[in-house]
Amino acid sequence: MFIGHYGVSLAAKRYSPRVSLGVLFLAVQFLDVLFSIFVLAGIEKMRIVHGFTAYNPYDLYWMPYSHSFVGALAWSAIAAIATLLIARRFSQRERSIAAIVLGAAVFSHFALDFVVHTPDLPLGLGLDSPKIGLGLWNHRGLTIAAELAVFIAGGLMYLRASRPRGRGAAAASAVFGAALLALTVGTSFQPDPPSGRAFAVRALLSYGILALIAGAIDRRRLPRAKL
């Protein structure tokens, strides 16, 4: 899953309005950010195998530190603790909620990956750890439908919880949403990257650019008053 992860970040904004949407965009992709860095460092491994699944060519055969169940829990806890330490300008209640939301956002990546990945998500860190995954990537149409469902549901929650500052902000939100929808449909049809390292570089650039745009869009919106 790629764009579908952002549905979680859009929904999460409703529960912690002071957390930037850009930060939430990074949180839901944090495990993939780590994976990309670990691939570039030679710590985790992947292969590009054309036709490996109907949706993408990624043979993700070694990623215990970023994508194991244990690893996901650990990184989620680290994100929550870091939020408690860093978000000093928030009230105590806001800081606690933000920590829960960001920790949950990080872990949501593993939960959604479980649905789409082939059985390549290890439970633990060892070589003999069992691996899980329901394999929705073997069905392109169903994967795209699942991505769209999660993203649209989160997007509707975000739109109901915020309002644009003006027409320009409304237009920017609409264009960004349309671009993400197009990416959802088009991602599985793009050419295979030449290598795992090339994939990692492209992924890091994508996550960074989308987070920057999301943060800019979010600054031009205001939370709606709760009824």
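See the structure above.
Residues numbered from 1 in each chain as written. Predicted model: local features only at pLDDT ≥ 70, side-chain atom pairs only at ≥ 80, totals over all residues. Heavy atoms only, no water.

*Asks:* Help me get a handle on the overall build of the chain, residues and values and all.
*Replies:* Across its full length, the chain holds nine helices and six strands. Its C-alpha radius of gyration of 18 Å places the chain within 12% of the 17 Å reference for a compact globule of 227 residues. Across its three principal directions, the C-alpha atoms of the chain cover 50 × 35 × 25 Å. Per-residue burial over the chain gives 46% buried out of 227 residues. Considering only intrachain contacts with a sequence separation of at least 6, the fraction spanning at least 24 residues in the chain is 69%. (Helix = DSSP H or I, 4+ residues; strand = E, 2+ residues; numbered from the N terminus. Rg over C-alpha atoms; globule rule 2.2 N^0.38 Å. Buried < 20%, exposed > 50% of the residue type's maximum accessible area, 1.4 Å probe, protein only. Contact = heavy atoms within 4.5 Å.)

*Asks:* Tell me about the environment of Ala27, residues and numbers included.
*Replies:* Here Ala27 is to be found in helix 2 (residues 21–28). Judged by its relative accessible area of 8%, Ala27 falls in the buried class. Taking the C-alpha atoms as reference, Ala27 lies 9.2 Å from Ser108; in sequence the two are 81 residues apart. Not counting residues within four places of it along the chain, the set of residues in contact with Ala27 comprises Leu102, Ala105 and Val106.

*Asks:* Can you tell me about the packing of helix 3 (residues 30–41) against helix 6 (residues 92–116), naming the residues and giving the values?
*Replies:* Interhelical geometry of helix 3 versus helix 6 gives an angle of 75° and a closest axis separation of 8 Å. The orientation of helix 3 relative to helix 6 falls into the category roughly perpendicular. Across from Phe30, Leu31 and Asp32 in helix 3, the residues of helix 6 making contact are Val106, His109 and Phe110. For the contact of helix 3 with helix 6, the class distribution of residues is four nonpolar, one polar and one charged. (Axes fitted to C-alpha atoms, helices over the stretch in contact; angles between N-to-C directions. Parallel < 35°, antiparallel > 145°, perpendicular 65-115°, else oblique. Nonpolar A, V, L, I, M, F, W, Y, C, P; charged D, E, K, R; others polar.)

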